[in-house]
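Topology and contacts: notes
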Amino acid sequence: MAGISTDELVAIALEMAGLRKLPADSEVYVPGEQIRRLLVALDVGVAELLLARELGCDGVLAHHPAGGRAVLRFPEVLARHVELMVEHGVTPDAAKAALHPLVNRAVLRAQTANYDQVPAAARLLGIPFLNLHLPLDEIGRRAMVEAIERYQLELGRDLTVQDVIDALRTLPEIAEAATQIMVPVGTIDRPAKRIAVVHGAGTNGGASVAQAYFAHGVDTVIYLHLAPEEAERLRATGSGTVIVVGHVAGDRVGIERYLAELERRGLEVVRLGI
Ligand SMILES: [Fe+2]
Ligand SMILES: [Fe+2]
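Residues numbered from 1 in each chain as written. Chains lettered and ligands numbered in written order. Predicted model: local features only at pLDDT ≥ 70, side-chain atom pairs only at ≥ 80, totals over all residues. Heavy atoms only, no water.

Looking at an unreviewed UniProt entry, the chain carries the name Nif3-like dinuclear metal center hexameric protein, with the source organism given as Thermomicrobium roseum. As its UniProt record puts it under Sequence similarities (unreviewed entry), the chain is described as follows: "Belongs to the GTP cyclohydrolase I type 2/NIF3 family." (UniProt positions renumbered as here; feature names shortened; annotations may be inferred.)

Next up, the structure:
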């Protein structure tokens, strides 16, 4: 194989996710060509860049933003929550209001970022380096939606929350994970009724976004993870169900589909912890 460029790695992800341009939380930090052996990890710091060199890799792909614009402009991708909410029947005004506290927190938090240390290390090492966040999560979101639809078709009846869990467990990344799917809000024996897979929007929407779904006819919200205090807030209000897939398990659903495509094209992939 001739090797693959960072631009091609981006193009393949965008194509698979049905996106036209690279979202704000994804970035090529050090462009490169002719990559044959790619180290892939959820999080990449200076240690992982050095490990890549140690392992004979000639490129590094992180899932989560690793610095630069992807960290500083990360709050922009939270707007995807509004699109997902509106697609599920939340009014645009209610969706924007629900997202507001999340964006405020994220904008302030971005000020803490030591945004250039990891990209600077990659530049000094001369190793091609990028991160792909929302595109791979969108691939994963679609796979989870499809798995639930397929399962419902096979079952031929309305799903309970437990059925949705079983449907998600038809995906090997979730079935094989060391974590278990949890239901921190609601109970497994409830009818799942209207379901929203809320993934591929930067991070989970917390209590305020889940509440907006519940107030507009969605009964079951699926997140990768949810802070305990947010779950407590939702339990106190008493409506709706939240299913938590598990962070690594859920992220791997999209990542593995993308890496399988890279391997199909002849790239050697070294997975670190995923
Ligand atoms: Fe992710
Ligand atoms: Fe993640």
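Turning our eyes to something else, we now look at the pattern of salt bridges. Counted by the stated rule, this structure contains 17 salt bridges. A salt bridge links Arg142 to Glu138; its shortest N-O distance comes to 2.8 Å. Taken as a pair, Arg142 and Glu138 lie in helix α7 (residues 134-155) at a separation of four residues, close to a single helical turn. Take Arg142: its relative accessible area is 35%, and that puts it in the partly exposed class. Since its relative accessible area comes to 3%, Glu138 is described here as buried. Two residues, Arg157 and Asp163, come together in a salt bridge whose shortest N-O distance is 2.6 Å. On the accessibility criterion, Asp163 (8% relative accessible area) is buried. Salt bridges linked by common partners bring Arg80, Glu83, Glu87, Glu138, Arg141 and Arg142 together as one network. (Salt bridge = Lys/Arg side-chain N within 4 Å of Asp/Glu carboxyl O. Helix = DSSP H or I, 4+ residues; strand = E, 2+ residues; numbered from the N terminus. Buried < 20%, exposed > 50% of the residue type's maximum accessible area, 1.4 Å probe, protein only.)

Before going further, it helps to spend a moment on the coordination of the iron ion (ligand 2). Only His64 (NE2), His247 (NE2) and Asp251 (OD) from the protein reach the iron ion (ligand 2) as donors, at distances of 2.0 to 2.1 Å. In primary sequence terms, the donor set of the iron ion (ligand 2) follows H-x182-H-x3-D. If you look at the iron ion (ligand 2) and the iron ion (ligand 1), they sit 3.2 Å from each other and are both ligated by Asp251. One end of the pair, His247, and the other, Asp251, are both in helix α12 (residues 247-264), four residues apart, so they sit about a helical turn from each other. Under the relative-accessibility criterion, His247 is labelled partly exposed at 31%. Classification of Asp251 by relative accessible area gives buried; the value is 2%. (Donors = N, O, S within 2.8 Å, 3.2 Å for Na, K, Ca; no water.)

Our next topic: α12. Taking 1.5 Å per residue, 18 residues should reach 26 Å; α12 reaches 26 Å between its end C-alpha atoms and fits that length. At Val253, α12 shows its largest bend, some 35°. (Expected span 1.5 Å × (residues − 1). Bend = angle between axes of the 7 residues up to and from the residue.)

Attention now goes to the packing of helix α10 (residues 206-215) against helix α11 (residues 228-237). Packing of α10 against α11 brings their axes to within 8 Å, and their N-to-C directions diverge by 35°. Where α10 crosses over α11, the handedness of that crossing is right-handed. Between α10 and α11, the residues in contact are Gly206, Ala207, Ser208, Ala210, Gln211 and Phe214 and Glu230, Arg233, Leu234 and Thr237, respectively. (Axes fitted to C-alpha atoms, helices over the stretch in contact; angles between N-to-C directions. Left-handed = near helix turned anticlockwise from the far one by under 90°. Contact = heavy atoms within 4.5 Å.)

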